[in-house]
Amino acid sequence: MEDKIIKQISLFAENKPGRLANIASNFQKEDINIRAFTIAEAGDFGIIRMVVDRPDFAHTVLHDAGFTVSETSVLGIEMEDVPGGLGKIADVLGEKDINIDYAYAFVTKTEKALLILRVNNIETAITVLKNSGVKLIDMVDIQQI
């Protein structure tokens, strides 16, 4: 089950010009590739969440650069890039009373959509999704995108 959990990097940053450039520059210097990210604005600050190819190293790089950073366990789900793809995932989880705390998605070169989810019960979500025929991705898949 652990092999289907993806490590997401989350950081709390001031909402001002140059902060994202600073993060990207640090990652470029260390050859860390961002696979997906989202920014949630909260006034003068924001929460940047991202999936990267080397999350443990990314955590160290950001921490050493002075950022408040943490790792969060999330799920990566491969789904068809068609209307209703997200609805299927939401239905499967909702039927088992699993809440989606937040989500973000992107389309890959393979014409599949990948959905990153934070849920309130990750172990149960893995079991429920697998039993429903949903393909979960892992860190190896993330590195190969």
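What comes next concerns the included structure. (Residues numbered from 1 in each chain as written. Predicted model: local features only at pLDDT ≥ 70, side-chain atom pairs only at ≥ 80, totals over all residues. Heavy atoms only, no water.)

1. So, the packing of helix α1 (residues 19-29) against helix α2 (residues 55-64)
Then, number 1: Running from N to C, α1 and α2 cross one another at 125 degrees; their axes reach a closest spacing of 10 Å. Taken together, the axes of α1 and α2 lie oblique to each other. Considering the relative orientation of α1 and α2, their crossing is right-handed. Residues I23, N26 and F27 of α1 form the contact with α2, whose own contacting residues are A58, V61 and L62.
Then, number 2: Counted by class, the contact of α1 with α2 contains 5 nonpolar, 1 polar and no charged residues. (Axes fitted to C-alpha atoms, helices over the stretch in contact; angles between N-to-C directions. Helix = DSSP H or I, 4+ residues; strand = E, 2+ residues; numbered from the N terminus. Parallel < 35°, antiparallel > 145°, perpendicular 65-115°, else oblique. Left-handed = near helix turned anticlockwise from the far one by under 90°. Contact = heavy atoms within 4.5 Å. Nonpolar A, V, L, I, M, F, W, Y, C, P; charged D, E, K, R; others polar.)

2. Here we look at the packing of aromatic side chains
Then, number 1: Within the structure shown, the criterion is met by 1 aromatic pair.
Then, number 2: Look at F12 and F45: their rings are 4.9 Å apart centre to centre, the planes differ by 5 degrees, and that puts the pair in the stacked class. Residue F12 is located in strand β1 (residues 5-14), and its partner F45 is located in strand β3 (residues 45-52); the two are separated by 33 residues in the primary sequence.
Then, number 3: R49 extends its terminal NZ or CZ atom over the ring of Y102, reaching a point 3.9 Å from the ring centre. (Phe/Tyr/Trp six-rings, centres within 6.5 Å; stacked < 30°, edge-to-face > 60°. Lys NZ or Arg CZ within 6 Å of the ring centre and 35° of its normal.)

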